[in-house]
Amino acid sequence: SSASPPASNSVSQGFLLSCQAHAPDYGPGSGASFSRSCRPAAVQQQTIRYSSLPLPSISSHDWPSDVQEPAQHSQQQIAFNRHPIARARVLDGKAVAAEWSSELAQQVPPLTAALGRPPGLAVVLVGNRPDSLLYVSRKEEACQQLGIHRRILHLPDSISQQQLQEAVGQVAADPAVDGVLVQLPLPRHLDEERVMEFLDPRKDV
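Please read these numbers as outputs of a predicted model, since none were measured by experiment.

What counts, and at which threshold
- Residues numbered from 1 in each chain as written.
- Predicted model: local features only at pLDDT ≥ 70, side-chain atom pairs only at ≥ 80, totals over all residues.
- Heavy atoms only, no water.
- Pairing = 2+ DSSP bridges.
- Helix = DSSP H or I, 4+ residues; strand = E, 2+ residues; numbered from the N terminus.
- Axes fitted to C-alpha atoms, helices over the stretch in contact; angles between N-to-C directions.
- Contact = heavy atoms within 4.5 Å.
- Polar contact = N/O pair within 3.5 Å; in protein donor to acceptor, adjacent residues only side chain to side chain.
- Core = buried A, V, L, I, M, F, W, Y, C linked by side-chain atoms within 4.5 Å.
- Buried < 20%, exposed > 50% of the residue type's maximum accessible area, 1.4 Å probe, protein only.

(A) Structural detail: the sheet that holds strand β1 (residues 120–126). Taken in spatial order, the 3 strands make up an open sheet running β2-β1-β3, and their pairing is parallel. Edge positions in the open sheet fall to β2 (149–155) and β3 (179–182), since each of these has one partner strand only. For this sheet the average axis-to-axis angle between neighbouring strands, irrespective of direction, equals 15°. Of the pairings in the sheet, the one linking β1 to β2 comprises 7 bridges and is parallel in character. Within β2, the residue paired with L121 across the bridge is R150. Strands in contact with helix α5 (residues 161–172) are β1, β2 and β3; relative to β1, the strand with the most contacts, it is inclined by about 170°.

The structure is reproduced here in structure tokens:
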């Protein structure tokens, strides 16, 4: 439930290379399937074969007029390229974030009035990973813009498991803090699951 930064570039590249190695041909009839290593655990039991995708019939009124296919493409390939899966719209993350921020900005004032104080978010950061430092700074900026009280607890990466759990418990007990976010990943010597179990679920962001 607590936030974890996106995969690093090296992990992302490894993911893509693995997919390409196991499914170099994305066209129908290739029989190529996603490698198990390319899929989340929730779909480990399923093998998605492109050759099994239902191909729509081609009709001039079904597709946008600006869709053009090279003449050498087979009818099956053209149908596959025009399949709804192939035509999925890429999510505009910035637009979604801006809309979400706008909604939150409208919710903060009445919540502040009801609480008698601004809503509070505490972020527990262990160590100095560049990506984690960046994500936490972005959270600070967002809180400042929205009028949310923020508290950043920056701890050294040498902290022990017991010390971290006690620190998380103390910040969660702060009455001015409504939510606690433990920035992941933690240093390798720390057990993330134990920290999450120790955190009050009512304040776990």
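(B) Layout of the side chain of Q183. One can find Q183 in the loop between β3 and α6 (192–198). Among the polar contacts listed, one links the side chain of Q183 to the side chain of K139, at a separation of 3.1 Å.

(C) Region of interest: the nonpolar core. In terms of nonpolar packing, the biggest core is built from 20 residues, with V124, V126, L155, L164, V180, V182 and L186 touching the most fellow members. Residue assignment for this core shows that the elements contributing at least two residues are β1, β2, α5, β3 and α6. Broken down by element, this core gets its largest block of residues, 5 residues, from α5. Counting 9 residues, the second largest nonpolar core, distinct from the first, contains V108, L121, L125 and L181.

Geometry only, nothing functional implied.
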